[in-house]
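# Structure assessment
Single-letter residue listing:
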Amino acid sequence: MDCTWFCWPRNYNFDFEEPQPFSLPLPIPDWPQGGGFAEGKICIGDLEVMMVTELESIWSCRYSEKGSKGAAFYKPKEIPEGFYCLGHYGQPNNQPLHGFLLVARETTYSAKNASPALQKPLDYTLVWSSFSWSGDESGEECGYIWLPAPPEGYRSLGFVVTKGPTKPSLDLVRCVRSDLTDTCETHDLIADMEPMFPDFPCQFWKVRPCHRGMQGKGIPVGTFYCSTNFVDEVLCTFCLKNFDSSLQAMPNLEQVHSLIDHYGPTVFFHPKDIYLPSSVSWFFKNGATLYKKGIKMGEEILSGGSNLPKGGENDGEYWIDLPDDSRNNSVKLGNLESAELYVHVKPALGGTFTDIAMWVFCPFNGPATIKIGLLNFSLSKIGEHVSDWEHFTLRVSNFTGELWSVYFSQHSGGEWVEASGLEFMNGSNKPVVYSSKSGHASFPHPGCYLQGSEKYGIGVRNDVARSKFAVDSSTKYKIVAAEYLGDAVVEPCWLQYMREWGPKVTYNSTSELEKILNYLPLNLRLRAENIFDSLPMELYGEEGPTGPKEKNNWEGDERC
């Protein structure tokens, strides 16, 4: 495998307190019965898999004096009879323990195949060890990272960790027949050793399937990746692939409502935000107008959007604008009483998770505020556009119905936050979502988030805080799409509108920025110019967004 192993210096302490297991504030309820949702096992064709969340520590390490950086590795505490482990779990040591490992067994369908779905590895290759520099001459307290060597026609799905130099038993894990696997990629970094040990670079990563989204069949098994070669590395471990097209573990409509009732977040808008959300129907009823290219007069949109053009693509032929009368300014401010979340339910990670995407609509996106060091500049135009669509996504395990993570959409990107890193409403399992002032990006905690450079304190401010302006998505929502449920959910007419929800207006934003930059010393001005040049182009013109269905994350995975 062309791998190398290396060790940490003796002067680094490997002993520290283990991460404590995380659990949601309240127990998971009994979900409505029906189908295969939250039944504990999922059939994916030749294999049946279970999720193990009770994990037992194998070995932990740190590489900073205060123990704030490092990694911890785990194996399943118990494996149900007939199931087999596929690899071990790893995570940062400064976070609560919150992870899983899938264990697998062959189905009766698999028995009909000429080759078994699971096979023992032939051997193990040592990839990394802490022995040489640990100060432990016996090596019994050291960590060893091993890669299973699969038989021909099979693939390894994860690395194995041991405390001590003894090679793992060949019975410890199983390799999976190649046709039942899919490719995967690294994403969240667990621990990076390169800055401390440039001569022996190594990184531990979490992995995820390459093929994700509604049509993706890749299933993560919860294992980690050990990388010793950072240049275009092709991963030597894989994930599972779901061959059961029925998606039998996805929740039915009653179960979806129960999930939203239990986990639906409360969305807090900034106390100084004047551009609040509304329902789409309120926006239409209060004068929103449809315009067609080449025709000066617009057409008021019916409350359900039935007169909007359906389908097609964003070709610039149509756009929506605010009413061209006395209602213009008042419609910009929205109507919090009518506001509701628009829900899209879809399979994720090969149907082993459910994504509940919740979309927020605001009639207007306000101007941005620029931060340069200790100075703040409120802009008059930059950042403004008619209509604003933002969202956040709940990811729920289909094995148990447990909320696993939440995605927070933030302008041109976003971030996944595991349940252990969320803020919850008192006495509930309902997360808190903070919507930023004027721009309505979503964040997990109050504060000021910069779109630009946190290092230099230069960029566009995203201010979030609790206030009396809030929407409880567990009660104020509509399910607008769930393709896997067939005709059970009727999509509203406005969801089929694929053009822009606001006009395109180009203005000279350069002059507004130049007035700000002229206040600055030359060296700071040049640095600020470079940072502003790197910001998304939509900041420099007023252009309404397309609707939710036109976004690439409607069918694909979230951007991060």
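Shown above is the structure to which this text applies.
Keep in mind that what you see is a predicted model, and the values were worked out from it rather than measured. (Residues numbered from 1 in each chain as written. Predicted model: local features only at pLDDT ≥ 70, side-chain atom pairs only at ≥ 80, totals over all residues. Heavy atoms only, no water.)

Moving on to helix α1 (residues 253-263). All of the buried residues in α1 are Gln255, Val256, Ser258, Leu259, Ile260, His262 and Tyr263. For α1, the elements touching its buried residues are β24 (341-348), β25 (353-365), β28 (385-397), β29 (403-410) and β36 (477-481). The opening residue of α1, the one whose side-chain oxygen lies 3.2 Å from the backbone nitrogen of Glu254, is Asn252. (Buried < 20%, exposed > 50% of the residue type's maximum accessible area, 1.4 Å probe, protein only. Helix = DSSP H or I, 4+ residues; strand = E, 2+ residues; numbered from the N terminus. Contact = heavy atoms within 4.5 Å. Polar contact = N/O pair within 3.5 Å; in protein donor to acceptor, adjacent residues only side chain to side chain.)

Here the focus is the sheet that holds strand β10 (residues 143-149). Strand order in the open sheet formed by three strands is β9-β10-β12, with antiparallel pairing between adjacent strands. On the outer flanks of this sheet lie β9 (123-129) and β12 (160-163), each paired with one strand and no other. Averaged over all pairs of adjacent strands, the angle between their axes in this sheet comes to 35°, without regard to strand direction. Looking at chain direction, β10 and β12 are connected through four bridges and run antiparallel. Across the sheet, Tyr144 pairs through a bridge with Thr162, a residue of β12. (Pairing = 2+ DSSP bridges. Axes fitted to C-alpha atoms, helices over the stretch in contact; angles between N-to-C directions.)

Moving on, we come to helix α5 (residues 522-533). Helix length check: α5, at twelve residues, gives a terminal C-alpha distance of 16 Å against a target of 16 Å (1.5 Å per residue), a fit within 8%. Along α5, the positions that sit buried rather than exposed are Ala528, Ile531 and Phe532. Looking down the long axis of α5, one finds its buried residues gathered within 95° of arc, a one-sided arrangement. Those residues of α5 that are exposed and angled more than 90 degrees off the buried face are Leu522, Asn523, Asn530 and Asp533. (Expected span 1.5 Å × (residues − 1). Arc of directions from axis to C-beta.)

The subject of this paragraph is the pattern of salt bridges. All told, the structure shown has 21 salt bridges when counted by the stated rule. Two residues, Arg177 and Asp46, come together in a salt bridge whose shortest N-O distance is 2.7 Å. Of this pair, Arg177 sits in strand β13 (residues 175-177) while Asp46 sits in the loop between β1 (41-43) and β2 (47-52), placing them 131 residues apart in sequence. Each of the two residues, Arg177 as well as Asp46, counts as buried. Among the ionic pairs, Asp171 bridges to Lys120, the shortest N-O distance being 2.7 Å. Here Lys120 lies in the loop between β8 (118-119) and β9 and Asp171 lies in the loop between β12 and β13, a separation of 51 residues in the sequence. (Salt bridge = Lys/Arg side-chain N within 4 Å of Asp/Glu carboxyl O.)

Consecutive side chains along a regular strand alternate between the two faces of the sheet. Judged by which residues are buried, strand β26 (residues 369-372) turns out to be covered on both faces: Thr369 and Lys371 on one side and Ile370 and Ile372 on the other are all buried. As judged from the four bridges shared by β26 and strand β27 (residues 375-378), these two strands associate in the antiparallel manner. Bridging from a neighbouring strand, Lys371 pairs with Asn376 of β27. Between the end of β26 and the start of β27, which pair antiparallel, lie two residues, with Gly373 showing a positive phi angle near 65°. Bridge count between β26 and strand β34 (residues 458-464): three bridges; the pairing is antiparallel. Directly across from Ile370, in β34, lies its bridge partner Val460.

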